[in-house]
Amino acid sequence: MDDRVILRVGAKFLIPFILLFALYVQFHGDYGPGGGFQAGVIFAAAFVLYALVYGLPNAERAMPPRVVYICSALGVVIYAGVGVVTLLKGANFLDYGVLAHDPEHGQHYGILFVELGVLTTVFGVMVTVFYAFAGRGRKDG
Amino acid sequence: MAGVAILLPVVGAFLVLALGKWPNLRETATLVTATSLFAVVYSLLGPVRAGETPSLTLVEVVPGVTLGLEVEPLGLLFALVASFLWIVTSLYAIGYMRGHHEENQTRFFFFFAVSIAGAMGVAFAGNLFTLFAFYEALTLCTFPLVTHHQTDEARKAGRVYLGILLSTSVVFQLLAIIWTWQLAGTVDFVPGGILAGTASAGVLSALLVLYVFGVGKAAVMPFHRWLPAAMVAPTPVSALLHAVAVVKAGVFTVLKVSVYVFGVDLLGSLAATPWLAWAAATTIILASLVAFTKDNLKARLAYSTISQLSYIVLGALLANRWGIIGGGMHIAMHAFGKITLFFAAGAILVAAHEKDISRMRGLGRTMPITFGAFFIGSLSIIGVPPAGGSWSKWFLGLGTLEAGQLGLLAVLMVSSLLSLVYLLEIPVRAFFSAPPADSHHGEGIHEAPWQSLAAIVITATATLALFVWPDAFYDLMTLVVER
Amino acid sequence: MRLLGLYNYWVVIVLMMVGFYTIIARDNLVKKLIGLSIFQTSVFMLYISMGRIHGGTAPILMEGTDVVYSNPLPHVLILTAIVVGVATTAVGLSLVIRINEAYGTVEEDEIHSQDESL
Amino acid sequence: MDAVIDIALLALLAVTALAILRMRNLFAAVMLSGIYSLLSAGIFTALDAVDVAFTEAAVGAGISTVLMLGTLAIVGHKEKKPAHTPLLPLFVVLVTGGALVYGTLDMPPFGDPTNPVHHHVAPRYVEESGHEIGIPNIVTSVLASYRGYDTMGETTVIFAAAVGVILLLGGARPARVAAGEVSGGSEEGSEPLEEQSHG
Amino acid sequence: MSAHLPVLLIVVPLLAAPLAALVRHPRGSWVVALGASWWALGVSIALLMRVLADGTISYEIGGWAAPWGIEYRIDVANAFVLLIVSGIGAVVTPYARVSVEREVEAARIPLFHTAFILCLTGLLGIAVTGDVFNVFVFLEISSLSAYALIALGQDRRALTSAYQYLVMGSVGATFIVIGIGLLYVMTGTLNMADLAVRLPEVAATRTIPVAFAFLTVGICLKLALFPLHLWLPNAYTFAPSSVTAFIASTATKVAVYMLLRFFFTVFGAAFSFDVMQLDMVLMPLALVAIVSMSLVAIYQQNAKRLLAYSSLAQIGYMILGISLASVTGVTAGILHLFNHALMKGALFMTLGCVMYRVGSVRVEAMAGLGKTMPWTMAAFVIGGLSLIGVPLTVGFVSKWYLVLAALEQGLWPLAVVVLLGSLLAVMYVWKVVEVAYFQPPPDGDPPAEAPLSLLVPTWALVVANLYFGIDAKLTAGVAMRAAEALLGVGQ
């Protein structure tokens, strides 16, 4: 188990950085490559790493399947919800311009929220899918 | 009123279904419906003779094509015959089905009534589309009647029945109808026809061929196999549907198409017409010859029907006044004669359990009324006085003369001669030969149940009466050719 | 440059066809999915090649007026397509796992022979 | 310089793809397909598509590889020798590829700034997004705003995949005993696995 | 708000899907699905009426004008397809509740309904959009959910058929993507209307025909045109009953719509048929499909598979109509989209009823059902008659127009093949009818009639089969206007 210790310590050290990096990718998407999708994948990668090192049950305790399941549905709701808000404000669907007084600011907010929706769903789906696959493997193994 | 005539049997059918648990009430429903139907149809006679053609458009199915009804003389003639004979057949069927202890009687009477509705629809159809719709409905509704016994044999016969009738109607007739629509821009029945001048003579000839063979119910060879096959059905079915409603729907369609789609003039000018007339003539002779070889009574009658139907087709294709009149009248005359014969055949089956002609020797002594009626019916089919059939054959003969087709006249003569032999053989043997040794004709055999017997007497009498008073049908047909 | 352009397209086409061939000629269900992803990835390259401009840079706005940016639209389309591709792969692989549970094999011909015997 | 990298990477890709096709050890094939994705990410970078490269690396070399490996751990990693002669597939592939090559002959020259793609629709994104949207990354602007609806669809596709995967793999294994009755067939194959799932 | 109906048509079901997933209760998810599908139907009807009254509707998503943003563009053709898809969805959803409870285990039901709505949303999304890449995105939404739904069948072969569908479907989708890419590289646009304007300039190149070929092959894979049909029979046979009823009456229809859209709107009839001579390819394939698939259907022992092969033959009818490239021909094709959806929906739903009570849809297992399940089998008979094309059913109306279209161009052998096809339909339909009505039921407890919750939706479609067969003015009129719009004549 000794080699595992190194792994675990390493992982513990790494995971916060991965999460931080994900946030960077999310919010830096406006200026450089990246965005909700990539951030979601990296976010999910952190938990996949956690599960690989600490085992699936521990990962499921840290990030319950129920939560990631809700996340995967929630992201779609957030994305489409932004569109519905713009509708309610009297503009076309997903016309972010009305989200603020200044259309450019509106676009900013809109993109921020929809990217958040993408992040949520992608993170949720990736972890869900990983749990499903890993769960099958465990039962068979 | 035409709408009522179609709706009434349908209502009656559902009444039958609802009253299925009480046979007496159920049969009353059938009889009441049948009688009222005839009354309704009869009430149309006056207006039509006065030159009216009441019509009714139910619904426009696709732009320009409607589901519509129109009462004109030819259709009324068919409707009169079918609705009157339904009353008689119902009476007969009650006796037969009970006497024969058939199963599924409710289903039987239900589909019977629906089939009559189909026949009425064919009779009163205001255009080709409506005619086709009811024609197909008639095919489908009679299918359960043909396969009534649910035996393997019945199912096989049902397949032949459905197969031939549907293939001819779908592949030839429907094609012809759509083609007509494409050429003429209408599918309405118009006196004088709608096709004249719409396409070359070659195309119209092809169309005529499609129509004549597409109406499988007219049983022009080689599309006749369904009719003998359908004889597995209970006898009332054979009687009304395969001697009257279904087959007459076929020849009626041919007549109607000839008069109202092609028009007599156009028809006479097409190259295909004489060829098709000869095809009908061939059917007349061949079917008569086949009838000879059949020992099974119903099979013999079936082939006789095939032969007689082609008389009517031939009449239409003569493309002149007398041919049309003769053909139309033959619808009525043959119907009364042939139904008498089928009733008699059924009565023999119920009472003596005999199907084969060779085993009917001497049976006339125990069943004199039945065989007497058979004799009268035969006379009408052969076309000799004092039976109604002599009139229609006379006009058909006139038609061949007017068309200058002596060969066809000869065909009519020969065929009459043939039918004389194969039909009269039966009552003659029944009355004058000694019973076969192994039969027990003496013991316990008597006439069929009274309902059946009454029906036989009525139709036989009518056959005779039509010789004296053929005017109604003659007048109607005159109206047809003069419209 | 013309030749290089064609070379670029043609190699991409060869890659696509290798993937396509793997899909239709291989019996192993996992291998087929690998082939599918090669096929799709190569199609992505075709798209990205279309958006390229010689001497261009990544389409991220910079100071200065004479900067040439490569066409961003194919990039956007392909981002979507990549995601769709991985979604398909995930569903496909779950099917493979279930098929393996039901048949005990992921070779197409063995599956067929099992079902024929049913 | 671009061209050299391009040519080299493409050649490497071709080698990798052929190796994947030939490889019978599926673990190796999956690893190679991860490498394939990384190489194509390299190509994408060389072609200025940095966002795509990032995503391809994350997805192709990351997620796909993990999922494939997870699958192989369950279903085994040996591929059987193909039993039939692959003539028909070969024919289909040659025809398809031939058609595509034929199609490229009239395609606008690679990288030419005068190509129609660079003069219709796209210029607006490049020129106007700066003040219409106000963020530097044009790809993000197009992705999230101009064509934000596609991205919503993409999110839904991902969600649909999750739904599919859970339907297939989530929860208890479906009782397949009933299926035997339904189809009139037996289910020998699934029996032992049925036991495993409870163990 | 009514100005936003085009997008609300998609967004409401799209939001309903995650909602149904979050509800996690079989009945609750079903209620969400029901609401979504009925909403879609209501909006589709409203849109169709508006298009008929005011002409084409365009909706710019995100407020970005086309071709820079994504445009929803609804003319008579896609409004009609929307009506078909949402109509079938609205009928199948109520049916699915009970049917699914029998065929799918309880734990999976909430997600079943989620996938069902997603599939519906995807199909609607394909039909409503005016952007070629958006077509691909929504195609994948519907396909992915369809794969999962099919795999839920009880037989293990459901899994292999779903896999086969997934592989062939993805190849088809990738072909479509290649085609779209080639179009884009030549024109620089993805908007259909814009493409239609810009394509003629470059139509003489070698690239555009290749794009055309890839799109055609890709879409034909999706619509299962012979010989690209191999995925379909198994998928239809082994999927849960309600899934088969839904997918059989909508998925291939939407694919046919895509074909119409690309052939006529994007490329234009002149290019598709005069330059590419598409009819030379499609017509023979359609004829072969009609005859060979009908023949194969006759020999099937499983009623669902029988109907699946029949669907392949019917797809042949639609393609045949389109390949005539005349107003009447395209009218016939579009009309048959609608009519075939009605009849196959009804037929597959009756088989679902049989599955529910008898547990099998093999033909021999249906012996005697005419007596024991009279309403179910009566529905089957009427649906079957419609399939055959008996007058006063929708099938007849389709056949009428198809034969008319063939005769208009003097192609009477084509008309004969169409009619022969209906005879073959008689043979396979009657095979089932005979067993159900004229063979004695097996010993043991006779099955009861199907529950009302299954019968009512089934009969709703049966009645529609009759209604639109008797009064086809509406459907034929709309189909003809759609055809005129696609061919750019009239109006």
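Scroll up to find the structure this text is about.
Just so we're clear, the structure is a prediction, and the values are computed from it rather than from any experiment. (Residues numbered from 1 in each chain as written. Chains lettered and ligands numbered in written order. Predicted model: local features only at pLDDT ≥ 70, side-chain atom pairs only at ≥ 80, totals over all residues. Heavy atoms only, no water.)

**Topic: the interface of chain C and chain D**
A common way to state how big an interface is: give the accessible area lost once the parts meet. Facing the 78 residues of chain C at the interface are 97 residues of chain D. Taken as a group, Y21(C), R52(C) and R98(C) account for 9% of the area that chain C buries against chain D, more than any other trio of residues on that side. Applying the counting criterion to the chain C and chain D interface returns 3 salt bridges. For E79(D), the salt bridge goes to K31(C), with nearest N and O atoms at 2.8 Å. Along the contact surface separating chain C from chain D lie 15 residue pairs in polar contact (both at pLDDT 80 or more). Counting only elements with at least two residues in the side of chain C that touches chain D, the list comes to α1 (2-25), α2 (29-51), α3 (72-103) and α4 (108-116) of chain C. Take the side of chain C that touches chain D: its biggest share by element is 25 residues, from α3(C). (Contact = heavy atoms within 4.5 Å. Buried area = accessible area lost by both parts, 1.4 Å probe. Salt bridge = Lys/Arg side-chain N within 4 Å of Asp/Glu carboxyl O. Polar contact = N/O pair within 3.5 Å; in protein donor to acceptor, adjacent residues only side chain to side chain. Helix = DSSP H or I, 4+ residues; strand = E, 2+ residues; numbered from the N terminus.)

**Re empty space enclosed by the protein**
Throughout the structure, instances matching the rule amount to 10 cavities of 30 Å³ or more. Roughly 160 Å³ of volume is contained in the largest cavity. Forming the walls of the largest cavity are 16 residues, and the residues nearest its centre are S37(C), T41(C), E56(D), G60(D) and S64(D). Mapped by element, the contributors of at least two residues to the lining of the largest cavity are α2 and α3 of chain C together with α2 (26-46) and α3 (50-75) of chain D. No other element matches α3(D), which puts 5 residues into the lining of the largest cavity. Its residues assigned to classes, the lining of the largest cavity comprises 6 nonpolar, 9 polar and 1 charged. (1 Å grid on protein atoms, 1.4 Å probe; cavity = no way out; pocket = protein on both sides within 12 Å on 5 of 7 lines; lining within 4 Å. Points joined across faces, edges and corners; volume = space filled by probe spheres on them. Nonpolar A, V, L, I, M, F, W, Y, C, P; charged D, E, K, R; others polar.)

**Thoughts on the pattern of salt bridges**
Applying the stated criterion across every chain yields a total of 23 salt bridges over all chains. Where E434(E) meets R159(B), a salt bridge forms, and the shortest distance between an N and an O atom there is 2.8 Å. Here E434(E), found in helix α18 (residues 412-438), pairs with R159(B), found in helix α7 (residues 152-184), and the two come from separate chains. For E434(E), a relative accessible area of 8% corresponds to the buried category. Under the relative-accessibility criterion, R159(B) is labelled partly exposed at 48%. Residues joined in a network through salt bridges with shared partners are R300(B), E425(B) and R429(B). (Buried < 20%, exposed > 50% of the residue type's maximum accessible area, 1.4 Å probe, protein only.)

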